[in-house]
Amino acid sequence: MELAIFYAFAALTLGSALLVVSLKNTARALFLFFVVLFGMAGLFIFALADFVAITQIMVYVGGVLILMIFAFMLSNKELLADLQNTSARFLSLPNWQSLLLCIGFLAVMVYGIIEWQENSPNWINENIRSGQIIKSTDNNINQLGIKFMTQYLLPFEVISIFLLAALIGAAHLSRKEDSK
């Protein structure tokens, strides 16, 4: 099941990324970029990089993507008018197909939760038996700082470069052009 979910995340991420670069509608491309970022966070979780996945969601989705959407809304009124003139549905899916997709995603999530409850991984069971679990009263700031400055240093540096590029791009998009 884990392999199927991994391939589903990978296919969702790759398919959405291909649509991001091929769509002419900027607003739809931005929303598909949102799907790409969440898919990448899912792949980071499969790579046991939970901290990077959560940080990616907080930094990219919470900051960069919202900034890009605001820059898009402020930049060009013709793009917004074009968006309003297109069809009201995203990718023009009929209601019954959208409902089937939602039910399918819900079924996968429920199956994953039930499977996790019944057959939790061996490493979790071993840590529970040996008493190596994190309690809500533990102070994890020390360990978080050590992980941040050793194991996750390179991913955060790469994320900061992407964040800077996104900020420059958003500033360029939101800049008013002089009419001649």
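Values in this document were obtained by computation on a predicted structure and should not be read as measured data. (Residues numbered from 1 in each chain as written. Predicted model: local features only at pLDDT ≥ 70, side-chain atom pairs only at ≥ 80, totals over all residues. Heavy atoms only, no water.)

Q: Please give an account of the overall build of the protein that cites residues and values.
A: A count of helical and extended segments in the protein gives 8 helices and 0 strands. The secondary structure elements of the protein, listed N-terminal to C-terminal, are α-α-α-α-α-α-α-α. Looking at the protein alone, contacts between residues at least 24 apart form 64% of all its contacts between residues at least 6 apart. Here the protein displays about 13500 Å² of accessible surface, and carbon together with sulfur accounts for 69% of that area. (Helix = DSSP H or I, 4+ residues; strand = E, 2+ residues; numbered from the N terminus. Contact = heavy atoms within 4.5 Å. Areas by Shrake-Rupley, 256 points an atom, 1.4 Å probe, with all protein chains shown as cover.)

Q: How would you explain the UniProt feature "transmembrane region" (unreviewed entry) in the protein if you had to name every residue and give the values?
A: Those places that UniProt annotates as "transmembrane region" (unreviewed entry) correspond, in this numbering, to residues 6-23, 30-51, 57-75, 96-114 and 152-173. Helix makes up 94% of residues 6-23 and strand 0%, whereas the separation of the span's terminal C-alpha atoms amounts to 25 Å. Taken end to end, residues 30-51 has its terminal C-alpha atoms 24 Å apart, with 86% of it in helix and 0% in strand. (UniProt positions renumbered as here; feature names shortened; annotations may be inferred.)

Q: Provide a residue-level description of the packing of aromatic side chains, including the pertinent values.
A: Under the counting rule described, the total for this entry stands at 4 aromatic pairs. Aromatic pair F6 and Y7: ring centres 5.6 Å apart, planes at 65 degrees, arrangement edge-to-face. Exposure remark for Y7: the relative accessible area of 52% places this residue in the exposed category. Consider the rings of F9 and F46, whose centres lie 6.2 Å apart with planes at 65 degrees: the pair is edge-to-face. Of this pair, F9 sits in helix α1 (residues 2-22) while F46 sits in helix α2 (residues 26-46); the two residues are 37 residues apart in sequence, bridging distant segments of the chain. Take F9: its relative accessible area is 28%, and that puts it in the partly exposed class. Aromatic rings pair up to connect F6, Y7, F9 and F46 into one cluster. (Phe/Tyr/Trp six-rings, centres within 6.5 Å; stacked < 30°, edge-to-face > 60°. Buried < 20%, exposed > 50% of the residue type's maximum accessible area, 1.4 Å probe, protein only.)

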